[in-house]
Amino acid sequence: MNIDIDTSSAEPVYEQIVRQVQQGVRSGALPPGFALPSIRQLANDLDLNNNTVAKAYRVLESERVIRTAGQKGTFINTDALTHIHSRNSQDAVYQMGELAMALTQRGLSLADVRAAFEAALAPLVNKENP
Amino acid sequence: MNTSFAYAVAYIQIVFVYGLMPAFFLRFVAHLYAIRNPEWVAQHPDFIPGKSNWRVGRWLFYALGVAWIALLTQFQRDAAAERLLAALYYPTSLWLILAMGYIGLEYLCVGRHIPPATKRSARFARRTLRELVHPGWLIACYALYGALFAAYLALFKLGRIPDFIFEARIITIAFVMVLFTLILIWGVVRKNQPGDDIFWGPSSRKFEVRFFVGGLYFGLAMFATHLARDGFGLPALENVSLFVAVNLLTQAFFLTMIIKLRRAANMGTLSVPR
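Because the structure is a prediction, the values reported are computed rather than measured.

## Digging into the nonpolar core
For step 1, the next point in the chain: Judged by nonpolar contacts, the single largest core of 36 residues is most densely connected at Tyr18(B), Phe25(B), Ile48(B), Leu72(B), Trp95(B), Ile114(B) and Phe254(B).
For step 2, the next point in the chain: At the level of elements, α1 (3-34), α2 (38-43), α3 (47-51), α4 (54-78), α5 (81-109) and α11 (239-266) of chain B are the ones that each hand at least two residues to this core.
For step 3, the next point in the chain: Examining the composition of this core, we find that 16 residues originate from one element, α1(B), more than from any other.
For step 4, the next point in the chain: Counting residues in hydrophobic clusters, the runner-up holds 25 residues, among them Leu30(A), Ala56(A), Ile84(A) and Phe124(B).

## Section: the confidence of the model for chain B
All names here are of chain B.
For step 1, the next point in the chain: The pLDDT averaged across chain B works out to 81; a share of 87% of its residues lies at or above 70.
For step 2, the next point in the chain: Per-element mean pLDDT across chain B ranges from 68 in helix α9 (residues 194-200) up to 92 in helix α7 (residues 135-157).
For step 3, the next point in the chain: We note a pTM of 0.69 for the whole complex and an ipTM of 0.74 for its interfaces.

## Let's talk about the pattern of salt bridges
For step 1, the next point in the chain: Inspection of the entire model under this criterion finds five salt bridges over all chains.
For step 2, the next point in the chain: Between Arg19(A) and Glu11(A) there is a salt bridge, with its nearest N and O atoms 2.9 Å apart.
For step 3, the next point in the chain: Accessibility expressed as a relative area gives 24% for Glu11(A), which makes it partly exposed.
For step 4, the next point in the chain: One salt bridge in this structure joins Glu208(B) and Arg190(B), with 2.6 Å as the shortest N-O distance. Residue Glu208(B) is found in helix α10 (residues 204-232), and its partner Arg190(B) is found in the loop between α8 (163-189) and α9; the two are separated by 18 residues along the sequence.

## Quick word on helix α3 (residues 50-62) of chain A
Residues and elements named next belong to chain A.
For step 1, the next point in the chain: For α3, which comprises 13 residues, the first-to-last C-alpha distance of 18 Å matches the rise-based estimate of 18 Å (1.5 Å per residue) to within 8%.
For step 2, the next point in the chain: Buried residues along α3 sit against α1 (13-27), α2 (39-45), β2 (66-68) and β3 (74-76).
For step 3, the next point in the chain: The N-terminus of α3 is capped by Asn49, whose side-chain oxygen sits 2.9 Å from the backbone nitrogen of Asn51.

## Digging into a nonpolar patch on the surface
Residue and element names in this part refer to chain B.
For step 1, the next point in the chain: Judged by side-chain polarity, Val178, Leu182, Ile185 and Val189 come together as a nonpolar surface patch covering roughly 370 Å² of accessible area.
For step 2, the next point in the chain: Assignment of secondary structure puts Leu182 in helix α8.
For step 3, the next point in the chain: The class for Leu182 is exposed, based on a relative accessible area of 54%.

Conventions used here
Numbers given to residues run from 1 along each chain, matching the order in which its sequence is written. Chain letters start at A and ligand numbers start at 1, both assigned in the order the entries are written. Predicted model: local features are reported for residues with pLDDT of at least 70 only, side-chain atom pairs are reported and counted for 80 or more only, and whole-chain, interface and lining totals are derived from all residues. Computation of side-chain values covers all heavy atoms of the structure but excludes hydrogens and water. Here, the term nonpolar core denotes a set of buried Ala, Val, Leu, Ile, Met, Phe, Trp, Tyr and Cys residues that are joined through side-chain atoms within 4.5 Å. Whether a residue is buried, partly exposed or exposed follows from its accessible area with a 1.4 Å probe, protein chains only, as a fraction of its type maximum: under 20%, in between, or over 50%, in that order. Strands here mean DSSP runs of E at least two residues long; helices mean DSSP runs of H or I at least four residues long; both are numbered from the N terminus. The score called pLDDT rates the predictor's confidence residue by residue, from a low of 0 to a high of 100. In the sections that follow, a salt bridge refers to a side-chain nitrogen of Lys or Arg positioned within 4 Å of a carboxyl oxygen of Asp or Glu. In this scheme, a helix's expected span is set at 1.5 Å multiplied by one less than its residue total. Contacts: residue pairs with any heavy atoms within 4.5 Å of one another. Two N or O atoms count as a polar contact when they lie within 3.5 Å, although within protein this holds only if one can serve as hydrogen donor and the other as acceptor, and sequence-adjacent residues are included solely when both atoms are side-chain atoms. Only residues above 30% relative accessible area that lack a salt bridge enter a patch, with like-charged residues linked at up to 9 Å and the nonpolar side chains Val, Leu, Ile, Met, Phe, Trp and Tyr linked at up to 5 Å. Only the protein chains shown count as cover for residues, and the accessible areas themselves come from Shrake-Rupley with a 1.4 Å probe.

Below is the structure:
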């Protein structure tokens, strides 16, 4: 798998790395136990500062997607997929809560917000169950 | 070994490396830096022709080639055996040193002024020596070098080789070992260059590292023949034959590089001025 970065993008480079590693885990390209490149190697290959890659690895480690085993290196965690899913679920609750709050501040009732969410989800549900 | 044949190889080698190679090599070096950021280079079309030293470099190589041929003709006229050996390996060695120097000069004048591309990509997998070459080859190689050291030490203690030969051999062996080990490490850690794929495709790094391991074994074979001569009086490998063989292999290697560069140029991937 390749990591692609775009330094002109609005998304910070470390977040681009985090997102692509998570995508790699979800797609199966980075299976549990997969040996990650060292910080220095990835920074060198991508012409980046070591601190940028180190920050991405710290975020991934805090999300328990990767684990550092001392001198042996850094690996994809055995239950990385579960942690990514749980983290994404938490993010979804938080982001939907923020949106629901904003919508209620605009004068919509909770029933209206629920109906709006269901209407927004309907096309996705139809796509999953054609 | 027929002396005329050895001289013929030396002449062809000079024509090869000083006549045919420079034009390809210098364009390739400029190309290597240009493809770091093709978009930026396209936006600044006068940058590389204005900064590159490739025309000066090319004529310098031609002039040196002519000088080597003149020198070689003089050597052949004098018919001195030790000069034949020098004629066989000095021109190529000097070419390699000059080539390395040119890469550095071109980096200072061109490469470092080209900003890195905004969109960059890298393979996301750990690179280790173990993946590029079987550890057994390296363990055996270093064990044999250890045995070589031990053999020289034993022969020295037994008084079969004089001090100055012992010191010279130990220093040379240690130098070759350290040099190749550093090159091996560099072969693993250095970042992928776009030019790598032109020569050997995606396996370029594996090829490169195995080539360096081959160099370690070649050094080992050379030192073993010296050991046989120093310690036991056995006839060492005839130097001229060895260097003729190495020169022929070098020519085959350079020819492959030229063919691959020609193909790359035909595909339009070499975008620097002719």
